[in-house]
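Observations on chain architecture
Here's the letter readout for the chains.
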Amino acid sequence: MPDKPLVAAADLRTFAAALLEKGGLSAEHAATTADVFVWAAQRGVESHGIARVPAYLELLAKGVANAAPELRLTSTAPGAAVLDADRAPGPVALTAAAEEAATRARTNGIASVGVRETVHTGAIGYYVSKIAEAGLVGIGFVAGMPNMGYTGVKGPAVATSPLAVAVPAREHAPLLLDMATATIALGKIRQARASGTALPEGAAATGDGTPTTDPEQAVMPLPLGGAKGSGMSLAFELLTSVLVGAPIFAAFHSDDPAGRKHRQNALLIAVDPAAFGGADGFVADVDATLDTLKGLPVADGASAVHYPGERSAATAEERGARGIPIAPKVWAQLADAAREKGVALPPAQ
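This is a predicted model, so every value here is computed, not measured.

Moving on to empty space enclosed by the protein. For the structure on display, the rule yields 1 cavity of 30 Å³ or more. Counted as a void, the largest cavity has a volume near 50 Å³. Residues belonging to the lining of the largest cavity are distributed by class as follows: 6 nonpolar, 3 polar and 1 charged.

Below you can see the structure in the form of structure tokens.
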């Protein structure tokens, strides 16, 4: 067996779904959740890929995630709705929200769906990409538990809240911007700690907010661009949690122990280019814009000019043909879960 076994995407999806179903999810919800993980893994987003399966099994076993949620959709306007997720796994709730937003946008030109009380949303680029696959522009925000510094505050204050935007094109892969408001992810701190590698300057801090490059001392990431990143995170809390009537930030910093209970909220927006003058002209101009960018002079030391999502789309195509590499530690965790749940490991090269 090579250092990193290669597993076909379809086999990995079937395997992950089987594990999640054994963990308590319905067959439909297990397949949806597995699809999000494999999508991320195929695009090279390892932190949100197949490595998440054991963590989700734990969330389900502990009751942090609801294995049998009752999703409830309420709406008082054609272009807006709120999905009460009932602590469903994020892939289940946000996939439903993306589908609802796309359906409403086709009728109303633009639509937004807020998601209340879900559990770990996974790679939000997946959901806006699904909207883009329907020929629409997808925009997404997520707010979660505070785990990042805020300019001028001692200790963790706001969440590493992500933003994602997907824009369809015709000749190119869709533009996909998927970013957190933190300089680095928490997972990067853990990786640096495991390898003994120093962290970049200004990327992480100790528990009291003192910047450090020592991964052993670092406990939280610092916001991207200082006050800009922390300000974006706070704005996303207002646009998601507060908007859907489920504040996280205020509850987290209160004296109520329930305020520390893990949960996330989200807002997905779908925009139909046809409502702004025509979808065909829009995607043609998107292609022209991306072509112009890629035709600009290449800087010294750079091999090419890339737009957001281009390289991960190429990785997805390559891994779709060759298979998805699984890190040894993750493969071992999956093997343990497979033995425990009575599920056969997928064939690996």
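Right, let's talk about the pairing of strand β3 (residues 80-84) for a bit. Across the 5 residues that make up β3, a large majority, 4, are buried. Relative to β3, strand β2 (residues 72-77) runs antiparallel, the two sharing 4 bridges. Paired with Arg-72 across the two strands is Asp-84, which belongs to β3. The antiparallel hairpin formed by β2 and β3 contains 2 residues in its connecting segment. Between β3 and its parallel partner strand β4 (residues 110-118), the chain crosses via helix α4 (residues 90-108), and the hand of that crossover is right-handed.

Tallied over the full model, the rule gives 4 aromatic pairs. On the basis of an interplanar angle of 45° and a centroid distance of 4.8 Å, the ring pair of Phe-141 and Phe-236 is categorised as tilted. One end of the pair, Phe-141, is in strand β5 (residues 137-143); the other, Phe-236, is in helix α7 (residues 227-242), and 95 residues separate them in sequence. The class for Phe-236 is buried, based on a relative accessible area of 6%. The ring of Phe-252 carries Arg-260 above its face, with NZ or CZ at 3.8 Å from the centroid.

This brings us to the environment of Val-45. Tracing the sequence through the fold places Val-45 in the loop between α2 (27-42) and α3 (52-61). Exposure remark for Val-45: the relative accessible area of 31% places this residue in the partly exposed category. Along the primary structure Val-45 and Ile-324 are separated by 279 residues, whereas in three dimensions their C-alpha atoms are 11 Å apart.

Residues in a regular strand point their side chains to alternate faces of the sheet. Here β5 lies mainly inside the structure; 6 of its 7 residues are buried. Sheet topology places β5 next to strand β11 (residues 264-271); 7 bridges connect them, and they run antiparallel. Within β11, the residue paired with Val-137 across the bridge is Val-271. Taken together, the 4 bridges between β5 and strand β6 (residues 162-167) define a ladder with antiparallel strand orientation.

Under the definition given, this model contains 12 salt bridges. One salt bridge in this structure joins Arg-116 and Asp-84, with 3.4 Å as the shortest N-O distance. Placement of the pair is Arg-116 in strand β4 and Asp-84 in strand β3, with a sequence separation of 32 residues. Exposure remark for Asp-84: the relative accessible area of 16% places this residue in the buried category. Note that Arg-170 is salt-bridged to Asp-280, the shortest N-O span being 3.7 Å. Here Arg-170, found in the loop between β6 and β7 (175-180), pairs with Asp-280, found in helix α9 (residues 279-294); they are 110 residues apart in sequence, far enough to count as distant. Look at the salt bridges and you will find they share partners, linking Arg-72, Asp-84 and Arg-116 into a network.

Our focus in this paragraph is unusual backbone geometry. For Arg-87, which is not glycine, the phi dihedral falls at a positive 60°. With respect to the helices and strands, Arg-87 occurs in the loop between β3 and α4. For Arg-87, a relative accessible area of 14% gives the class buried. Of note in this structure, His-120 is not a glycine but carries a positive phi near 40°. Considering the arrangement of structural elements, one finds His-120 in the loop between β4 and α5 (124-133).

Mapped onto the fold, Thr-289 is located in helix α9. The exposure class assigned to Thr-289 is exposed, which follows from its relative accessible area of 52%. Sequence spacing of Thr-289 and Ala-85 is 204 residues, and the spatial spacing of their C-alpha atoms is 38 Å. There is a polar contact of 2.8 Å between the side chain of Thr-289 and the backbone oxygen of Asp-285.

A few words on the sheet that holds strand β10 (residues 220-221). Strands sit in the order β9-β8-β10 across an open sheet of 3 strands; the sheet is antiparallel. The open sheet terminates on both sides in strands that have one partner only, identified here as β9 (211-212) and β10. As defined by bridge partners, strand β8 (residues 204-205) adjoins β10 across 2 bridges and the pair is classed as antiparallel. In the sheet register, Ala-204 faces β10, and the bridge partner there is Pro-221.

What counts, and where the lines are drawn
Residues numbered from 1 in each chain as written. Predicted model: local features only at pLDDT ≥ 70, side-chain atom pairs only at ≥ 80, totals over all residues. Heavy atoms only, no water. 1 Å grid on protein atoms, 1.4 Å probe; cavity = no way out; pocket = protein on both sides within 12 Å on 5 of 7 lines; lining within 4 Å. Points joined across faces, edges and corners; volume = space filled by probe spheres on them. Nonpolar A, V, L, I, M, F, W, Y, C, P; charged D, E, K, R; others polar. Buried < 20%, exposed > 50% of the residue type's maximum accessible area, 1.4 Å probe, protein only. Helix = DSSP H or I, 4+ residues; strand = E, 2+ residues; numbered from the N terminus. Pairing = 2+ DSSP bridges. Right-handed = clockwise from strand over helix to strand, strands pointing away. Phe/Tyr/Trp six-rings, centres within 6.5 Å; stacked < 30°, edge-to-face > 60°. Lys NZ or Arg CZ within 6 Å of the ring centre and 35° of its normal. Salt bridge = Lys/Arg side-chain N within 4 Å of Asp/Glu carboxyl O. Polar contact = N/O pair within 3.5 Å; in protein donor to acceptor, adjacent residues only side chain to side chain.

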